[in-house]
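Commentary on secondary and tertiary structure
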Amino acid sequence: MTTTAITHIGSLVTNDPAVGDGSPLGLIENAAVVIDGGRIAWVGPTAQAPAADESFDAQGRAVIPGFVDSHSHLVFAGDRTQEFNARMSGRAYSAGGIRTTVAATRAASDAELEANLVRHLAEARRQGTTTFETKSGYGLTVADEARALRIAAAHTEEVTYLGAHIVSPDFAEDPAGYVDLVTGEMLTACAPYARWVDVFCEKGAFDGDQARAILTAGAAAGLIPRVHANQLSYGPGVQLAVELEAASADHCTHLTDADVDALVQAGDTTVATLLPGAEFSTRAQWPDARRLIDAGATVALSTDCNPGSSYTSSMPFCIALAVRDMRMTPDEALWAATAGGARALRRTDIGTLTPGARADLALLDAPSHVHLAYRPGVPLVSGVWQKGLRAH
């Protein structure tokens, strides 16, 4: 088995204080990483690096763990350019929002959906993302939800059943009937392809009682809960996520003091995943990351890549937004986009660069990770290794 040493790394982010400088990022200067069999075998100073079969000279550039994008919606067809243009132009727009994407997705072939998914995955990988979660939610029929998850499962282990994205247009006059479908026949068809179950707990989508029924049914089928919580208004989503020990409460834009306290108390179980791309694309109120971090909650960052409210696959862009508009430090934002995302997926093998971890890493064309926020919009990722192999 071939070993590879990446040497002369100007600044290596390990996300392990024990092997680095004692900070949460576990920084090592003038560092090296040795990869063996898709795993990290060794990290430390370049001068002490063991011999390897192959070597790569980082020439003083920074290396970070690959980004862990723990919230995306990538199985879809079409786009909503006109909707976005109208919103940004201050014009009223009466198209169907998510329903527009549902219609396009239902009409698309399996090959078209997969090609679109693969295109977005390649786009994300070029920007340093090595692990992603993605959801169904744009089919809203038994067959369309199941095929979305089947397509996704061919490309990632982190697949989420989101039949409860909105009430299907087919059940507009019978939301209770749709909840029965989501918790019954649809769940049975979808569970074999998924690890997670999610629900959009929000006014206009699913209320607390409906969300509890859906998540409880999913858990009984062996799926782990996560929740779209408190994005558009104050509501029961965060409290429900904590109560059901969901892996994450995602969005967390409108929080009471009780919601923040609940997330702090559940910090080892439920991660607050913040999605600044959604606020950027809708000109909505920013989540208060500073409030959550200062209180002691565990915070992750993700793209929420979807065609309606956050059509970006760029984790560096989300880091820059988090630093500029959500009052995170560059260190906090990078940790949230790597180790934080891993926590939200309950993974210990990713989001860190320490012996035994998966060899997922990104080489930056910069001497420090701080440049991700310092130079927003600049394509700084110049190399990506995924499971020990350099992506091309």
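Let us look at the structure shown here. (Residues numbered from 1 in each chain as written. Predicted model: local features only at pLDDT ≥ 70, side-chain atom pairs only at ≥ 80, totals over all residues. Heavy atoms only, no water.)

**Details of the pairing of strand β2 (residues 27–36)**
Applied cut-off: A simple rule labels every residue: compare its accessible area, found with a 1.4 Å probe on the protein chains alone, to the largest value its type can have, and call it buried under 20%, exposed over 50%, or partly exposed in between. In DSSP terms, a helix is any run of H or I states spanning at least four residues, a strand is any run of E spanning at least two, and both are numbered starting from the N terminus. A pair of strands is treated as paired once DSSP finds two or more bridges between them.
Counting buried positions along β2 yields 7 of 10 residues, so the element is predominantly enclosed. Pairing analysis gives 8 bridges linking strand β1 (residues 3–13) to β2, with the strands arranged antiparallel. Note on β2: the bridge partner recorded for Leu-12 is Ile-28. With 6 bridges joining them, β2 and strand β3 (residues 39–45) adopt antiparallel strand pairing. For Ile-35, the partnering residue across the bridge sits in β3 and is Ile-40.

**Thoughts on the nonpolar core**
Selection criterion: Throughout this description, the term nonpolar core refers to a set of buried Ala, Val, Leu, Ile, Met, Phe, Trp, Tyr and Cys residues connected via side-chain atoms within 4.5 Å. Whether two residues are in contact is decided by their heavy atoms, any of which lying within 4.5 Å being enough.
Core analysis: the biggest nonpolar cluster contains 88 residues, and Tyr-161, Phe-206, Leu-263, Leu-292, Leu-301, Ile-319 and Met-328 have the highest contact counts within it. In contact with Phe-206, not counting residues within four places along its chain, are Ala-164, His-165, Ile-166, Val-167, Tyr-178, Val-179, Val-199, Phe-200, Cys-201 and Ile-214. Counting 17 residues, the second largest nonpolar core, distinct from the first, contains Ala-31, Leu-361, Leu-363 and Trp-385.

**A closer look at the environment of Ala-391**
Among the secondary structure elements, Ala-391 is positioned in the segment after β16 (389–390). Taking the relative accessible area as the measure of exposure, Ala-391 reaches 28% and is therefore partly exposed. With near-sequence residues (within four places) excluded, Ala-391 lies in contact with Arg-125 and Val-384.

**Side note on unusual backbone geometry**
Excluding glycine, most residues fall at negative phi; most peptide bonds, likewise, are trans. The residue His-8 is not glycine, and still its phi comes out positive at about 55°. With respect to the helices and strands, His-8 occurs in strand β1. Phi at Asn-230 takes a positive value of approximately 55°, unusual for a residue other than glycine. Topologically, Asn-230 is positioned in the loop between β10 (224–229) and α8 (237–243).

**Digging into helix α2 (residues 98–107)**
Structurally, the α-helix is built with 3.6 residues per turn, so residues lying three or four positions apart point the same way. Cut-off, in case you're wondering: The directions from the helix axis to the C-beta atoms form the arc being described.
Residues of α2 that are buried: Ile-98, Thr-101, Val-102 and Thr-105. An end-on view of α2 places all buried positions within 105° of arc, on one side of the element. Close packing links the buried residues of α2 with α3 (110–126) and α4 (142–153).

**Re the layout of surface pockets**
Any empty space left between the atoms is revealed when a probe the size of a water molecule rolls over them. Put simply, the rule reads: The method works on a 1 Å grid over the protein atoms by themselves. A cavity is a set of points holding a 1.4 Å probe that cannot get out, a pocket is an open set with protein on both sides within 12 Å along at least five of seven lines, and residues with an atom within 4 Å of a point line them. Grid points are joined across faces, edges and corners, and a volume is the space filled by probe spheres set on the points.
Size it by volume and the largest pocket reaches roughly 520 Å³. Along the walls of the largest pocket sit 29 residues, with Ile-98, Phe-200, Gln-231, Leu-232 and Ser-309 positioned nearest its centre. Counting only elements with at least two residues in the lining of the largest pocket, the list comes to α1 (81–89), α2 and α10 (276–282).

**Let's talk about empty space enclosed by the protein**
Put simply, the rule reads: Residues are grouped as follows: nonpolar covers Ala, Val, Leu, Ile, Met, Phe, Trp, Tyr, Cys and Pro; charged covers Asp, Glu, Lys and Arg; every other residue, Gly included, is treated as polar.
Per the counting criterion, the structure on display carries 2 cavities of 30 Å³ or more. Volume-wise, the largest cavity comes out at about 50 Å³. Elements supplying a minimum of two residues to the lining of the largest cavity: α3 and β7 (129–135). The element best represented in the lining of the largest cavity is α3, accounting for 3 residues. Counted by class, the lining of the largest cavity contains 5 nonpolar, 4 polar and 1 charged residues. Its volume calculated, the second largest cavity comes out at about 30 Å³. If you go around the second largest cavity, the residues you meet are Gly-66, Val-68, Thr-130, Thr-131, Asp-349, Ile-350, Gly-351, Arg-358 and Asp-360.

**Structural notes on the pattern of salt bridges**
Where charged atoms from two side chains of opposite charge come close, those side chains can pair. Inclusion rule: The working definition used for a salt bridge is a side-chain nitrogen of Lys or Arg within 4 Å of a carboxyl oxygen of Asp or Glu.
Inspection of every chain in the model, using the stated rule, returns 21 salt bridges. Of the charged contacts in the structure, one is a salt bridge between Glu-158 and Arg-195, with a shortest N-O distance of 2.9 Å. You can see Glu-158 sitting in strand β8 (residues 158–164) and its partner Arg-195 sitting in the loop between α6 (185–190) and β9 (196–201), a full 37 residues away along the chain. Taking relative accessible area as the criterion, Glu-158 reaches 2% and is therefore assigned buried.

**Description of the side chain of Thr-134**
As a reminder of what qualifies: Polar contact is defined as a pair of N or O atoms within 3.5 Å, subject to the rule that within protein one atom must be able to donate a hydrogen and the other to accept it, and that residues adjacent in sequence are counted only when both atoms are side-chain atoms.
For Thr-134, the position within the fold is in strand β7. In terms of polar contacts, Thr-134 uses its side chain to reach the side chain of Ser-72, at 3.3 Å. From its side chain, Thr-134 meets the backbone nitrogen of Leu-74 in a polar contact 2.8 Å long.

**Section: the sheet that holds β10**
How we decide: What counts as an axis is a line fitted to C-alpha atoms, over the stretch in contact for a helix, and the angles between N-to-C directions run from 0 to 180 degrees.
Taken in spatial order, the 8 strands make up an open sheet running β6-β7-β8-β9-β10-β11-β12-β13, and their pairing is parallel. The open sheet is flanked by β6 (67–69) and β13 (299–301), the only strands paired with a single partner. Direction aside, neighbouring strands of the sheet carry axes that sit 25° apart on average. Sheet analysis places β8 next to β9, joined by 3 bridges and oriented parallel. Bridge pairing links Tyr-161 to Val-197 in β9. Packing of α4 onto the sheet brings it into contact with β7 and β8, and relative to β8 it is tilted by some 165°.

**Some words on the packing of aromatic side chains**
Definition in use: Classification of ring pairs uses Phe, Tyr and Trp, with its six-membered ring standing for Trp, and accepts pairs whose centres are within 6.5 Å; under 30 degrees between planes counts as stacked, over 60 as edge-to-face, and the remaining range as tilted. By definition here, charges over rings are those cases where NZ of Lys or CZ of Arg is within 6 Å of the ring centre and within 35 degrees of the ring normal.
In total, this model carries 6 aromatic pairs according to the counting rule given. With a centroid separation of 5.9 Å and 75° between ring planes, the pair formed by Phe-76 and Tyr-311 is classed as edge-to-face. A residue pair is termed long-range when its members are at least 10 positions apart, and Phe-76 in the loop between β6 and α1 and Tyr-311 in the loop between β13 and α12 (315–325) qualify at 235 residues. Residue Phe-76 is classed as buried on the basis of its relative accessible area, which comes to 0%. With 5.5 Å between their ring centres and 50° between their planes, Phe-171 and Tyr-178 make a pair best called tilted. Residue Phe-171 is classed as partly exposed on the basis of its relative accessible area of 23%. Tyr-178 sits in the buried class, given a relative accessible area of 0%. Taken together, the ring pairs connect Phe-76, Tyr-138 and Tyr-311 into an aromatic cluster. Over the ring of Trp-196 we find Arg-226; its NZ or CZ atom is 4.3 Å from the centre of that ring.

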